[in-house]
Amino acid sequence: VQLQASGGGSVQAGDSLRLSCAMSGRTFSGYALGWFRLAPGKEREFVATISRVGRVTFYANSVKGRFTVSRDNAKNTGYLQLNSLKPEDTAVYYCAAKYTVTGAAPTRDGEYNIWGQGTQVTVSS
């Protein structure tokens, strides 16, 4: 199974981006999907998560109201819409998947065992 993250880029503060996370090799609807980010000099932090059928979502306080997590199980793809971007959002963004038979949407990175390669988001002021 593989996860392929894409959609990052260099933008100005206030701009938007949409990140995608495509799964191959497994049935995407069996997995909760999480988004995390790693900024220089900082630890990896939770950003958002969505349950396997999309009924449950959680967000970090720092992105709540600006970012939206979603998924299209028919396309085996998850998304993270980033709006009103700030310089402090600059980081490598990773998607991660956890197989589950429940409606869980884990927020801890240790609960995920499948990770994508990351996509860089750079926000300048």
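The structure this text deals with has already been given above.
None of the values given here were measured: they were computed from a predicted structure. (Residues numbered from 1 in each chain as written. Predicted model: local features only at pLDDT ≥ 70, side-chain atom pairs only at ≥ 80, totals over all residues. Heavy atoms only, no water.)

Caption draft 1: Inspection of the pairing of strand β9 (residues 91-99) at higher detail. The sheet contact formed by strand β4 (residues 31-38) and β9 spans 8 bridges and is antiparallel. Its bridge partner lying in β9, phenylalanine 36 is registered against tyrosine 94. Two elements, β9 and strand β11 (residues 119-124), share 3 bridges in a ladder whose sense is antiparallel. Bridge pairing in β11 links tyrosine 93 to threonine 119. (Pairing = 2+ DSSP bridges. Helix = DSSP H or I, 4+ residues; strand = E, 2+ residues; numbered from the N terminus.)

Caption draft 2: Structural detail: the state of the cysteines. Summed over all chains, the structure comprises 1 disulfide. The disulfide that involves cysteine 21 links it to cysteine 95, with 2.1 Å between the sulfurs. Negative torsions about the S-S bond denote left-handed disulfides, and the value of about 75 degrees found for cysteine 21 with cysteine 95 makes this one right-handed. Here cysteine 21 is found in strand β3 (residues 17-24), whereas its partner cysteine 95 is found in strand β9, with 74 residues between them in sequence. Each member of the pair, cysteine 21 together with cysteine 95, is buried. (Disulfide = S-S within 2.5 Å. Buried < 20%, exposed > 50% of the residue type's maximum accessible area, 1.4 Å probe, protein only.)

Caption draft 3: Structural detail: unusual backbone geometry. For asparagine 76, which is not glycine, the phi dihedral falls at a positive 55 degrees. Along the polypeptide, asparagine 76 turns up in the loop between β7 (67-72) and β8 (77-82). On the accessibility criterion, asparagine 76 (23% relative accessible area) is partly exposed. Non-glycine residue serine 84 carries a positive phi angle of around 50 degrees. Note that serine 84 resides in the loop between β8 and β9.

Caption draft 4: Structural context of the side chain of serine 51. Residue placement: serine 51 occurs in the loop between β5 (45-50) and β6 (57-59). If near-sequence neighbours (up to four positions away) are discounted, serine 51 is found in contact with Ala32, Val56, Arg71, Gly103, Ala104 and Ala105. (Contact = heavy atoms within 4.5 Å.)

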